[in-house]
Each structure stands twice: as structure tokens, then as C-alpha cells.
Amino acid sequence: MILLTPEIRAALRANDIARIAAQADGKREPDPLPVVKLFNPMGAATWLASELDEDGDTLFGLADLGFGCPELGSFSLSEIESVRLPGGLGIERDLYFEARFPLSAYAEAARIAGRITEAEALLATAARARDVLTARNPEIPPTPDG
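The structure displayed is predicted, hence computed values, not measured ones.

J.: If you had to explain the pattern of salt bridges to someone new, which residues and values would you point to?
T.: Applying the stated rule across the entire model yields 7 salt bridges. Glu 118 is paired through a salt bridge with Lys 37; the nearest N and O atoms lie 2.5 Å apart. Here Glu 118 is found in the loop between helix 3 (103-113) and helix 4 (120-136), whereas its partner Lys 37 is found in strand 1 (residues 36-39), with 81 residues between them in sequence. A relative accessible area of 40% places Glu 118 in the partly exposed class. Residue Lys 37 is classed as buried on the basis of its relative accessible area, which comes to 14%. Across the pair Glu 108 and Arg 111 runs a salt bridge whose closest N-O atoms are separated by 2.6 Å. With a gap of 3 residues between them, Glu 108 and Arg 111 both fall in helix 3, about one helical turn apart. For Glu 108, a relative accessible area of 28% gives the class partly exposed. Each of Arg 13, Asp 16, Arg 19 and Glu 51 takes part in one network of salt bridges that share partners.

What counts and what doesn't
Residues numbered from 1 in each chain as written. Predicted model: local features only at pLDDT ≥ 70, side-chain atom pairs only at ≥ 80, totals over all residues. Heavy atoms only, no water. Salt bridge = Lys/Arg side-chain N within 4 Å of Asp/Glu carboxyl O. Helix = DSSP H or I, 4+ residues; strand = E, 2+ residues; numbered from the N terminus. Buried < 20%, exposed > 50% of the residue type's maximum accessible area, 1.4 Å probe, protein only.

Next comes the structure, spelled out in C-alpha cells:
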């Protein structure tokens, strides 16, 4: 399976470029929606990526290797693509994933749940909490819905 289609690559790059531009202009960094969800079909590892570096390999997002402590950070697409599982399987892209919340909401919900989750109520609560923090601290970017 091709993990990143040209359209997904373009969306990931656009988010990275927007972050770099915000940094250069001294503005708040955007809090984009995750663009792609990758997962181990035989295990607990899951990645939500929101950005792709200009090197075409370094993704940024939320990584959960199944140890109960998901983290925001960078990870290598080529390393993920190189994983070989029993039966000739590899890491797959969730064809039905559609992000409804910014990456920060997924990260907060994952911190609470101990894993990446798509539980709507938990994600909505995490997004609302982010919006309350944004109202109190203008340094924190608001969610797209807030």
C-alpha cells in the first residue's frame, strides 16, 4: 500500500509550510488537523501525521507505539514503510480516517486515554479545553472550530 498519495503529501507539506511561515512572521503556529492515520494492522502502533518536512521523509504528528504514552514529535516515513510484519503485511493507511479536530485535541485525548483515540466525546472535550486555554492565553492558537 502506498502510505502517502500525492494529495496527502501536498496537504502535509502545506501544513509544514504554514508552520514555517508563521514562525518567520512571529505569529502563532497553526494547530492543523491530522492529514493521515497510519497503523500496524497486527499491533497497537498508530501515527497521526499533520506535517511533512521538505526532505520528504520526516513527518510530524502524534505517535503511539502501544506502550501507553503517545507523544507529539517527528518520525521517519521510510522507517515506517520498511516495517515488515508476518504474512508479508506492512504498516497501512486508514482509508476512512477523517480528522475532525486539531492535532492538539488528539494529543490531549491520547494523553488522557493512554492511546490515540477517535472517541468523539473525549476529543470534543479536549478541543473545548484548548479553546478555554486559548481565551485565557492568546499565545495558544485556537482550534479551527473555536
